[in-house]
Each structure stands twice: as C-alpha cells, then as structure tokens.
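# Reading the structure
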Amino acid sequence: MPHDTQRPRPDARNSISVAIVEDLREVREGLAALINGTAGFRCAGSFRTMEDALRQVGRELPDVILTDIGLPGMSGIEGIRILKQRHPDVPIVALTVYDDEEEIFDALCAGASGYLLKDTQPARLLECLKEVISGGAPMSPEVARRVIKLFREFRPPDRAGHNLTPAETELLKLIVEGHNYKTAAAELGISINTVSFHLRNIYEKLQVHSKTEAVAKALRQRIV
C-alpha cells in the first residue's frame, strides 16, 4: 500500500516534519491529523508498513520518525535498525502498546531515541517530538520505570568501562538517562563545550559515532 499523501501547510519550511509508520488506518490518520493540525508541525508522510517507509522516507528526509513496533511484515524494531543505518541523524520514537522489558530494550538497542505508549496524550506526544529533536530521549513513565528496573537488575561485568574516566562515565550515564548537551552540562556544572569534548572522547573509546550508538552500547555492555 503506498504511503498516505499529506498536504503541507504554507509554513512547512519552519515546521518539524514527522514521518509516521503505523499499520492501523484510524491511528495513522489520527496521528497525521494531529501533526498537520498543530502549528509548528507537519506530516512528511505516513506509511502502513515498514517496507513502505524504507522505500519512501529517503525522498524527503523528515526531522523525526514516529513508528509502531508491531507491524505486518518487517517489525518496527528491525526497521528502526535499518533506518538508523541509513539516516543516523534522524531520531526515531517508538509509539506502541508494548511495555515489556524485552521490547523496550530491543528498540533502544536498535537505535530508538524515545519510547512512548499509545495512551500518551496528544499534547505530551507533540512535546516528546520536540524533545527528541533537541537531543532528549522521551519515554512514557511506565517505560522509564522499566528501564530503571533493567539497570538495577544488571550487574556490570568486570572491566566494562572501556577506560572511561569518572567524568566521562558520569556524562554517559546522564546521556543514557535522556539528557541533552544543555541539561547534562547543567547537571554536571560544566560548559556545553566541555560536554562536547567529553562526548568526542567517549565516542572514540566506545568506537561509536553518535549518542544513540553510545547509549545502545552502554545498555548492551552494561557500561554505566
């Protein structure tokens, strides 16, 4: 099925463009209507399957991708992994009914920058889209509780720190918790330039190229 066409508003150039991947028509159309009906946002395309999204999304790269996980054909998690490989700078937010630890962990490791449940209120959903573009990692409260539970249950293996300094480890922990450059700097009492310096060292030591990859590796290897 081809993607649903959406008519951009006149202020489209200054809007946050959002691509939607959702197999349920009423949900997909409702999300598109919410986004197109809100000042500062526009729908850059909506797709019933991940296969459709992968074929089409590169033609007009959106600012953010909002995707379900339980999709017909290719799963949303596999799609997130492929989309991040192709478009590493585009944040992806999972919007789903699944709130179990395995789905959350797999989605975050695949490259999702946020994880929201479908009962998220429309106003909060729009806030989360803005937040993720600013470098945040929005999560529904239930999801955040489960992520914290995962951390508590994980026991870091010996020498999993990749020779990170205490400052780098603390910064990585904040990034995993969803902080952006500005909030991490405020939390640590350092400048944004110092945050950037530490992050470059973290990327080099972890052999990654982005915050998303760093978070995924930190989770997988239990570094923080």
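Residues numbered from 1 in each chain as written. Predicted model: local features only at pLDDT ≥ 70, side-chain atom pairs only at ≥ 80, totals over all residues. Heavy atoms only, no water.

### Considerations on the sheet that holds strand β5 (residues 114-117)
Convention followed: One requirement defines pairing of two strands: DSSP has to find at least two bridges between them. Here a helix means four or more residues in a row that DSSP labels H or I, a strand means two or more in a row labelled E, and each is numbered from the N terminus. Lines fitted to the C-alpha atoms define the axes, with helices restricted to the stretch that makes contact. Angles between their N-to-C directions range from 0 to 180 degrees.
Taken in spatial order, the 5 strands of this open sheet run β2-β1-β3-β4-β5, and their pairing is parallel. Edge positions in the open sheet fall to β2 (41-47) and β5, since each of these has one partner strand only. Looking at each pair of strands side by side, their axes are set apart by 25° on average, direction ignored. Pairing between strand β1 (residues 16-21) and strand β3 (residues 64-67): 4 bridges, direction parallel.

### Examining the packing of helix α8 (residues 181-188) against helix α9 (residues 192-206)
Put simply, the rule is: Roughly parallel covers angles under 35 degrees, roughly antiparallel covers those over 145, roughly perpendicular covers 65 to 115, and oblique covers all other angles. In this analysis, two residues are considered to be in contact whenever any of their non-hydrogen atoms come within 4.5 Å of each other. Nonpolar residues are Ala, Val, Leu, Ile, Met, Phe, Trp, Tyr, Cys and Pro. Charged residues are Asp, Glu, Lys and Arg, and all others, Gly as well, are polar.
Relative orientation of the contacting elements α8 and α9 amounts to 105°, with a least axis distance of 9 Å. In terms of their interaxial angle, α8 and α9 are classed as roughly perpendicular. Where α8 approaches α9, its residues Y181, K182, A184 and A185 are matched on the opposing element by I192, V195, S196, L199 and Y203. By residue class, the composition of the contact of α8 with α9 is 7 nonpolar, 1 polar and 1 charged.

### Focus: the packing of helix α3 (residues 76-86) against helix α4 (residues 101-110)
What counts is decided by this rule: Left-handed describes a crossing whose near helix is turned anticlockwise from the far helix by less than a right angle; the clockwise case is right-handed.
Relative to each other, α3 and α4 sit at 15°, their axes nearing to 8 Å. With respect to their mutual orientation, α3 and α4 come out roughly parallel. Considering only the axes of α3 and α4, their crossing is right-handed. Taking contact as the criterion, the partners of I77, I80, R81 and K84 in α3 are, on α4, E103, D106, A107 and A110.

### Points about the pairing of strand β4 (residues 92-96)
Test applied: Only protein chains enter the calculation, and the probe is 1.4 Å; a residue is then buried if its accessible area is under 20% of its type maximum, exposed if over 50%, and partly exposed in between. If you view a crossover with the strands going away from you and the path from the first strand over the helix to the second runs clockwise, you call it right-handed.
Burial runs high along β4: 5 of the 5 residues are buried. Of the two faces of β4, both are covered, the one formed by I92, A94 and T96 as well as the one formed by V93 and L95. As for the winding sense of the linkage, the β-α-β connection from β3 through α3 to β4 is right-handed. With 4 bridges joining them, β4 and β5 adopt parallel strand pairing. The residue of β5 that forms the bridge with V93 is G114. In the classification by handedness, the crossover that spans β4, the intervening α4 and the parallel β5 is right-handed.

### A look at the confidence of the model for the protein chain
Here is the rule we go by: Here pLDDT means the predictor's own confidence in every residue, given as a number from 0 to 100.
Here the protein chain averages 86 in pLDDT, while 90% of its residues score no lower than 70. At the low end of the mean pLDDT range in the protein chain sits helix α6 (residues 141-153), at 78; at the high end sits β3, at 97. Segment residues 1-12: pLDDT under 50, and 27 contacts once partners within four positions in sequence are set aside and those in other chains are kept.

### A short note on the pattern of salt bridges
Two side chains that carry opposite charge are able to pair once their charged atoms sit near each other. How we decide: One speaks of a salt bridge when a side-chain nitrogen belonging to Lys or Arg is within 4 Å of a carboxyl oxygen belonging to Asp or Glu.
Here the structure, examined in full by the defined rule, presents 10 salt bridges. Close ionic contact of D52 with R55 constitutes a salt bridge, the shortest N to O distance being 2.5 Å. In this pair, D52 and R55 are both assigned in helix α2 (residues 50-56), 3 residues apart and thus about one turn of the helix distant. When its relative accessible area of 5% is taken as the criterion, D52 is described as buried. A salt bridge links D68 to K118; the shortest N-O distance between them is 3.2 Å. Within this pair, whereas D68 is found in the loop between β3 and α3, its partner K118 is found in the loop between β5 and α5 (122-133), the two being separated by 50 residues in sequence. What you see here is one network of salt bridges that share partners, running through E22, D68 and K118.

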